[in-house]
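Close look at the chain arrangement
Okay, here's what each chain looks like letter by letter:
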Amino acid sequence: MKINLAQLKKGQKAIIEDFDIDLVPLKLLEMGCLPGNEVQLLQVAPMGDPLYMIVNDSHLAIRKETAHAIEVIISNER
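The structure reproduced in this document is the subject of the present report.

Calculation notes
Residues numbered from 1 in each chain as written. Predicted model: local features only at pLDDT ≥ 70, side-chain atom pairs only at ≥ 80, totals over all residues. Heavy atoms only, no water. Pairing = 2+ DSSP bridges. Helix = DSSP H or I, 4+ residues; strand = E, 2+ residues; numbered from the N terminus. Buried < 20%, exposed > 50% of the residue type's maximum accessible area, 1.4 Å probe, protein only.

Some details on the pairing of strand β5 (residues 58-62)
Two elements, strand β4 (residues 51-55) and β5, share five bridges in a ladder whose sense is antiparallel. Opposite V55, over in β5, you have S58 as the bridge partner. Taking the residues between adjacent antiparallel strands as the criterion, β4 and β5 are bridged by two residues, where N56 takes a positive phi near 55°.

Quick look at the pairing of strand β6 (residues 70-74)
Remember that side chains alternate between the two faces of the sheet whenever the strand is regular. In terms of burial, β6 is largely enclosed, as four of its five residues are buried. When strand β1 (residues 2-4) meets β6, the two strands line up antiparallel, connected through three bridges. Looking across to β6, one finds that K2 is bridged to I73. Pairing between strand β2 (residues 13-19) and β6: five bridges, direction antiparallel. Its bridge partner lying in β6, I15 is registered against I73.

This is how it looks when you write it as C-alpha cells:
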C-alpha cells in the first residue's frame, strides 16, 4: 500500500517509491531521500511539524508539507 511520508507512524519503516521533484528540496535529495532508500520515522514534533527521521543513515527533520510529496511503501508490505 502506497502512502506518503507524512502518514508514517512513529517507529515505522518504509521504502521511498516516488516524489514530486518540484516540492522536494535539492538538499533532501543530496542527503539520500531517493527512491529505493529506507526511511524510519523517529519522532514527531509536539505540534506535528517537523518530522524527525532517519534516511540513508542520516538524521533529518522534514517539514510535513514536504513529507506529503514523498510516496513510500511500508517495508514489511513490499
